[in-house]
Number of protein chains: 2
Amino acid sequence: MTMPDVLTFAKEWMERVLENGDTAIDATAGTGRDTLHLAHCVGSGGHVFSFDIQTEALEQTKQRLDKHLLYERTTLINKGHEHAAAQIPADHRKKLKAAVFNLGYLPGGNKTITTRTETTIQAISQLLDIIKPGGLLFVVVYPGHPEGRMEKDKLEEYAAALPQRDIQVLRYEFMNQVNHPPFLFIFDKRQE
Amino acid sequence: MTMPDVLTFAKEWMERVLENGDTAIDATAGTGRDTLHLAHCVGSGGHVFSFDIQTEALEQTKQRLDKHLLYERTTLINKGHEHAAAQIPADHRKKLKAAVFNLGYLPGGNKTITTRTETTIQAISQLLDIIKPGGLLFVVVYPGHPEGRMEKDKLEEYAAALPQRDIQVLRYEFMNQVNHPPFLFIFDKRQE
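Residues numbered from 1 in each chain as written. Chains lettered and ligands numbered in written order. Predicted model: local features only at pLDDT ≥ 70, side-chain atom pairs only at ≥ 80, totals over all residues. Heavy atoms only, no water.

- With an unreviewed UniProt entry as reference, chain A is termed Class I SAM-dependent methyltransferase, source organism Salibacterium lacus.

Comments concerning helix α2 (residues 33-41) of chain A
Residues and elements named next belong to chain A.
Piece 1. Within α2, 7 of the 9 residues are buried, leaving the element largely enclosed by the surrounding structure.
Piece 2. Every buried residue of α2 is accounted for by Asp34, Thr35, Leu36, His37, Leu38, Ala39 and Cys41.
Piece 3. Here the buried face of α2 lies against α1 (6-17), β1 (23-26), β2 (47-51), α3 (55-67), β3 (74-77) and β4 (96-102).
Piece 4. One or two residues past the end of α2 sits Gly43, with phi positive at roughly 70°. (Buried < 20%, exposed > 50% of the residue type's maximum accessible area, 1.4 Å probe, protein only. Helix = DSSP H or I, 4+ residues; strand = E, 2+ residues; numbered from the N terminus. Contact = heavy atoms within 4.5 Å.)

Thoughts on the relation of the copies chain A and chain B
Piece 1. In screw terms, the move from chain A to chain B is a rotation of 180° and a rise of 0.0 Å along the axis, fitting with an RMSD of 0.0 Å. The operation mapping one copy onto its partner corresponds to a two-fold rotation axis. Nearest to the rotation axis, the C-alpha of Tyr172 of chain A is located 2.5 Å from it, this being the minimum over chain A.
Piece 2. Comparing interface residues between copies, 100% of those in chain A also lie at the interface in chain B; the contact surface is shared. (Least-squares fit on C-alpha atoms with pLDDT ≥ 70 in both.)

Some details on the pairing of strand β4 (residues 96-102) of chain B
Residues and elements named next belong to chain B.
Piece 1. Across the 7 residues that make up β4, a large majority, 6, are buried.
Piece 2. Bridging between strand β1 (residues 23-26) and β4 involves 4 bridges; their strand directions are parallel. Bridge pairing in β4 places Thr23 opposite Leu96.
Piece 3. Sheet topology note: the β4/strand β5 (residues 136-141) ladder contains 5 bridges and is parallel. In the sheet register, Phe101 faces β5, and the bridge partner there is Val139.
Piece 4. In this view, the connection linking β4 to its parallel neighbour β5 by way of helix α6 (residues 117-130) has right-handed handedness. (Pairing = 2+ DSSP bridges. Right-handed = clockwise from strand over helix to strand, strands pointing away.)

Some thoughts on α1 of chain A
Piece 1. Spanning 12 residues, α1 of chain A covers 17 Å between terminal C-alpha atoms, matching the ideal 16 Å at 1.5 Å per step.
Piece 2. A side-chain oxygen of the first residue of α1 of chain A lies 3.1 Å from the backbone nitrogen of Leu7 of chain A; this N-cap is Asp5 of chain A. (Expected span 1.5 Å × (residues − 1). Polar contact = N/O pair within 3.5 Å; in protein donor to acceptor, adjacent residues only side chain to side chain.)

Here we look at the interface of chain A and chain B
Piece 1. If you look at the interface, chain A gives 33 residues, while chain B gives 33 residues.
Piece 2. Between chain A and chain B, a total of about 3100 Å² is buried, with carbon and sulfur atoms accounting for 58% of that surface.
Piece 3. Among the residues of chain A in contact with chain B, Met1, Met175 and Asn176 of chain A are the three that bury the most area, contributing 27% of the side total.
Piece 4. Linking chain A with chain B are 2 salt bridges, by the criterion used here.
Piece 5. Between Arg16 of chain A and Glu12 of chain B there is a salt bridge, with the nearest N and O atoms lying 3.8 Å from each other.
Piece 6. Taken together, the links from chain A to chain B amount to 16 residue pairs in polar contact (both at pLDDT 80 or more).
Piece 7. Listed by contribution, the elements that provide at least two residues to the side of chain A that touches chain B are α1, α7 (146-160), β6 (167-174) and β7 (183-189) of chain A.
Piece 8. Here the side of chain A that touches chain B gets 8 residues from one element, more than from any other, and that element is β6 of chain A.
Piece 9. Residue composition of the side of chain A that touches chain B, by class: 20 nonpolar, 7 polar and 6 charged.
Piece 10. Sheet topology note: the β6 of chain A/strand β6 (residues 167-174) of chain B ladder contains 5 bridges and is antiparallel. Pairing of Tyr172 of chain A across the sheet is with Tyr172 of chain B, part of β6 of chain B. (Buried area = accessible area lost by both parts, 1.4 Å probe. Salt bridge = Lys/Arg side-chain N within 4 Å of Asp/Glu carboxyl O. Nonpolar A, V, L, I, M, F, W, Y, C, P; charged D, E, K, R; others polar.)

Considering the packing of aromatic side chains
Piece 1. Under the criterion given, the structure shown has 13 aromatic pairs over all chains.
Piece 2. Judged by centre distance (3.9 Å) and plane angle (10°), the rings of Phe9 of chain A and Tyr172 of chain A are stacked. On the criterion of sequence distance, the pair formed by Phe9 of chain A in helix α1 and Tyr172 of chain A in strand β6 is long-range, its members being 163 residues apart. Each member of the pair, Phe9 of chain A together with Tyr172 of chain A, is buried.
Piece 3. Where Tyr172 of chain A meets Phe174 of chain A, the ring centres are 5.8 Å apart and the plane angle is 90°; that geometry is what we call edge-to-face.
Piece 4. Using a relative accessible area of 6% as the deciding quantity, one classes Phe174 of chain A as buried.
Piece 5. Three or more aromatic residues joined by ring pairs make a cluster, and in this case those are Phe9, Trp13, Tyr172 and Phe174 of chain A together with Phe9, Trp13, Tyr172 and Phe174 of chain B.
Piece 6. Between the NZ or CZ atom of Lys62 of chain B and the centre of the ring of Tyr71 of chain B, over which it lies, the distance is 4.4 Å. (Phe/Tyr/Trp six-rings, centres within 6.5 Å; stacked < 30°, edge-to-face > 60°. Lys NZ or Arg CZ within 6 Å of the ring centre and 35° of its normal.)

Below, the structure is given as structure tokens:
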């Protein structure tokens, strides 16, 4: 038995929380891995909105979706995730059950273009407002680069201050690994 | 969807790692909840060795097992867990797939009798030596009382220093709860 790594654990819970017909958000399209997984999870009746500030990332995402014939289940939006909540049509908000942030920079891309602490927390906060009770918001944090380390500290502060009655924050982390590997927060919006 | 709490998550993974015929150890029998769960998980062909320094705890554990007709699958031993590794017969060592530590004091018992950091770490270290590769060792930590806080700090230090090649240490923790709730370490002994 091997405990699932951070990304595998997150994917398992995306599958568990999403049902056919649900809406999901990939707040950091990157190479499109999470968008593709979410598109599988929401089924033929669901939809995924996927955001990235880099057109290069959205092109890679589109290619990946095309290859799996799942592009139609998605809407790719060339904006930062701080605009995500405002971009989701009202009828989709009601079905929003999962959102995913995979922080840091685009693999293979320009490493100076990273997610920014301020807009990350702004986006998380907005999405926690509109996500359905019972929905999950996933954040994979990469403390191995300087902006990532700051993001980690600020996110810990932000998460620790959330009211436990409304949102539970789980931390899933392997603690004896070299090179500051990624770890996971899951924000669990409680049923009313 | 609600993320499982610490004890539920631990129980789920005990179920996943144990198969019929395996051996398991409850290093802190307490009221017998984990012993009972482990006895279910190891099936009719398996066995659970359960340790506690308090006879009161072992009596409660026996009562609980009797009620579920599972006492025969267990051996209750009135010794501290630092003796656990030495007490397990050789033929059972080969089948040892899980060990559980639920730290702190006996619920409803004498609160001055708690697990002690030094013997806890000694016991964990010995059991990690004899557990089968692929086996899991669970530690539920209660940082809400002074000895528990010390145990938490020392365990973090101990876990962070383990060689990642041999043992992965997962931390599963809810981070915005009041009153220092328990959290979980899972020590995952890697397949060779």
